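What follows is each chain in one-letter form.
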Amino acid sequence: MLRLPDKAVIACVHLPPTPGAPGYGGSVDHIYESALADAAVFLRHGVDALIVENFRDAPFYPQTVPPETVATIAGVTREVVRMSSVPTGVAVLRNDASAALAIATATGAAFIRVNVHVGAVLSEQGVVTGNSHETLRLRRALGSDVAILADARVKHSQPLAYPSLAIEVRDLSPRADGIVVSGELTGLETSPEDLLTARKASRGPLYVGSGTTPQNLPTVYPHADGFIVGSYFKVDGVPGNQVDESRVATFMAEVRTLRESAQP
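The structure displayed is predicted, hence computed values, not measured ones. The numbering scheme is per chain: residues are counted from 1 as the chain's sequence reads. Thresholds applied to this predicted model are a pLDDT of at least 70 for local features of residues and 80 or more for the giving and counting of side-chain atom pairs; totals over whole chains, interfaces and linings are not thresholded and use all residues. Hydrogens and water molecules were not included; the side-chain quantities draw on all heavy atoms of the structure.

K.L.:
Break down helix α8 (residues 245-261) for me, citing the residues and quoting the values.
P.N.:
For an α-helix, the turn length of 3.6 residues means that residues three or four places apart are oriented alike. Helix and strand labels come from DSSP, where a helix needs a run of H or I of at least four residues and a strand needs a run of E of at least two; each type is numbered from the N terminus. Take the number of residues in a helix, subtract one, and multiply by 1.5 Å to get its expected span. Its 17 residues give α8 an end-to-end C-alpha distance of 25 Å, which sits within 8% of 24 Å, the value for a rise of 1.5 Å per residue. When α8 is considered as a whole, its buried residues turn out to be Val248, Phe251, Met252, Val255 and Leu258. Angular distribution of buried residues about the axis of α8 spans 115°; they occupy a single face of the element. Residues of α8 that are exposed and point over 90 degrees away from its buried face: Glu260 and Ser261. Only heavy atoms enter the contact rule, under which two residues are in contact if any of them lie within 4.5 Å. Buried residues belonging to α8 abut β1 (8-14), α1 (28-44), α7 (217-220) and β11 (226-229). For every residue, the accessible area obtained with a 1.4 Å probe (protein chains only) is divided by the maximum for its type, and the residue is called buried under 20%, exposed over 50%, and partly exposed between those limits. The directions considered for the arc are those from the helix axis to the C-beta atoms.

This is how it looks when you write it as structure tokens:
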């Protein structure tokens, strides 16, 4: 099972558009080179984990992605796992948990992130439904120990099944190995109030899924077990831009400061 240090930083390796996506540039080699270069930057500055995502494949399939997407993410993930000294995760967007779990199991990755694991949401892709019943059975059938990090009140959506965050987290918690709470959109700050609500309702680790910066990190730091960081690490903090190494260095310096201040 996934073992991360307290207050872990999980850096997002956002792949260039993969084959079949509208923005695909025609070079599979470029996808591999970009992913490995980004991973190397993150590792150089001491992140605690990486997560490979087909982030630039938008517009996303709502559930099942095609074979070419699975094949590309699997190939890249294996290379990242091989070069990484920290745990690697997989997210197959928008919500193909089965593909993510299969990729992680086959490549030696340690965890997956699932946007909608229980219930249903209304999103840009239409209605997206949780399939925890399938994902957990598949994990058992594969004999896999891949951990599942699952979003509550996932960004870019409106809930259809749960009237409150607390109720969703209570349903989600026994079906996941960690809960992710985010802002309303990619890059938007996660509400400290939402973190406190999720903490009270959750049985396991709690991760901030969006909007963490060196400026607001001290505010959310006491209430979370880890931080998934994508947008802040990009040039100008724009999610679709390239990784800015100076931003990675700045963020990780603040993390080290907070860790040192918490030492007895």
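Don't stop here, the text continues.
K.L.:
An account of the nonpolar core is needed here, citing residue identities and associated values.
P.N.:
Phe42, Leu50, Val90, Ile112, Phe233 and Phe251 are the most contacted members of the largest nonpolar core, which has 62 residues in total. Tallying contributions element by element places helix α3 (residues 97-107) first for this core, with 6 residues. Residues in contact with phenylalanine 251, not counting those within four places in the same chain, are Val9, Thr212, Thr213, Pro214, Leu217, Val229, Tyr232 and Phe233. Counting residues in each nonpolar core, the second largest holds 15 residues, with Cys12, Ala147, Tyr207 and Ile228 among its members. For the purposes of this section, nonpolar cores are sets of buried Ala, Val, Leu, Ile, Met, Phe, Trp, Tyr and Cys residues that join through side-chain atoms within 4.5 Å.

K.L.:
Pulling in residues and values, what's your account of the side chain of serine 202?
P.N.:
Take serine 202: it is sitting in the loop between α6 (192-201) and β10 (206-208). On the basis of relative accessibility, which here comes to 15%, the residue serine 202 falls in the buried class. Only 3.1 Å separates the side chain of serine 202 from the backbone nitrogen of glycine 204, close enough to count as a polar contact. Not counting residues within four places of it along the chain, the set of residues in contact with serine 202 comprises Val169, Ser173 and Ile179. Polar contact is the term for a pair of N or O atoms within 3.5 Å; when the atoms are in protein, one must be able to donate a hydrogen and the other to accept it, and sequence-neighboring residues count only if both atoms are side-chain atoms.

K.L.:
I'd like to hear about the packing of aromatic side chains, residue by residue, with values.
P.N.:
The description of an aromatic ring pair rests on the distance of the ring centres and on the angle between the ring planes. Two aromatic rings from Phe, Tyr or Trp, using only the six-membered ring of Trp, form a pair when their centres are within 6.5 Å; if the ring planes differ by under 30 degrees the pair is stacked, by over 60 it is edge-to-face, and anything between is tilted. With the rule as written, the count across this model stands at 5 aromatic pairs. Pairing tyrosine 221 with phenylalanine 227 gives two aromatic rings, centres 5.9 Å apart and planes at 10°, and the pair type is stacked. Here tyrosine 221 matches phenylalanine 227 in class, with each residue buried. Relative to phenylalanine 251, the ring of tyrosine 232 has its centre 5.9 Å away and its plane inclined at 40°; by these criteria the two rings are tilted. Placement of tyrosine 232 in the loop between β11 and α8 and of phenylalanine 251 in helix α8 is noted, with a sequence separation of 19 residues between them. Grouping residues by exposure puts tyrosine 232 and phenylalanine 251 together as buried. An aromatic cluster is defined as three or more aromatic residues linked by ring pairs; in this entry it consists of Phe42, Tyr232, Phe233 and Phe251. A positively charged side chain is recorded as over a ring if its NZ (Lys) or CZ (Arg) lies within 6 Å of the ring centre. The angle to the ring normal must also be within 35 degrees. Positioned above the aromatic ring of tyrosine 221, the side-chain terminus of lysine 7 is 5.0 Å from the ring centre. Over the aromatic face of tyrosine 232 sits the side chain of arginine 247, whose NZ or CZ is 4.6 Å from the ring centroid.

K.L.:
Give a detailed account of unusual backbone geometry, specifying residues and quantitative values.
P.N.:
A cis amide bond links alanine 58 to the next residue, proline 59, at an omega of 0°. By the element assignment, proline 59 lies in the loop between β2 (49-53) and α2 (67-83). The omega angle of the peptide bond from leucine 93 to arginine 94 is 10°, so this bond is cis rather than trans. With respect to the helices, strands and loops of the structure, arginine 94 is situated in the loop between β3 (88-91) and α3. Positive phi outside glycine occurs at arginine 153, with the angle close to 55°. The topology assignment puts arginine 153 in the loop between β7 (147-152) and β8 (157-159).

K.L.:
With reference to specific residues and values, describe the sheet that holds β11.
P.N.:
Here we have 8 strands rolled up into a closed barrel, ordered β1-β2-β3-β4-β7-β9-β10-β11, and parallel in their pairing. Sheet twist, expressed as the mean angle between neighbouring strand axes with direction ignored, is 25°. Bridge count for strand β9 (residues 178-181) against β10 is 3 bridges, and the pairing is parallel. Across the sheet, residue isoleucine 179 finds its bridge partner in β10, namely leucine 206. Here α1 sits on the sheet and contacts β1 and β2; the angle it forms with β1, its principal contact strand, is near 160°. Only when DSSP finds a minimum of two bridges between them are two strands counted as paired. Fitted lines through C-alpha atoms serve as axes, helices being fitted only where they are in contact, and the angles separating the N-to-C directions of these axes extend from 0 to 180 degrees.

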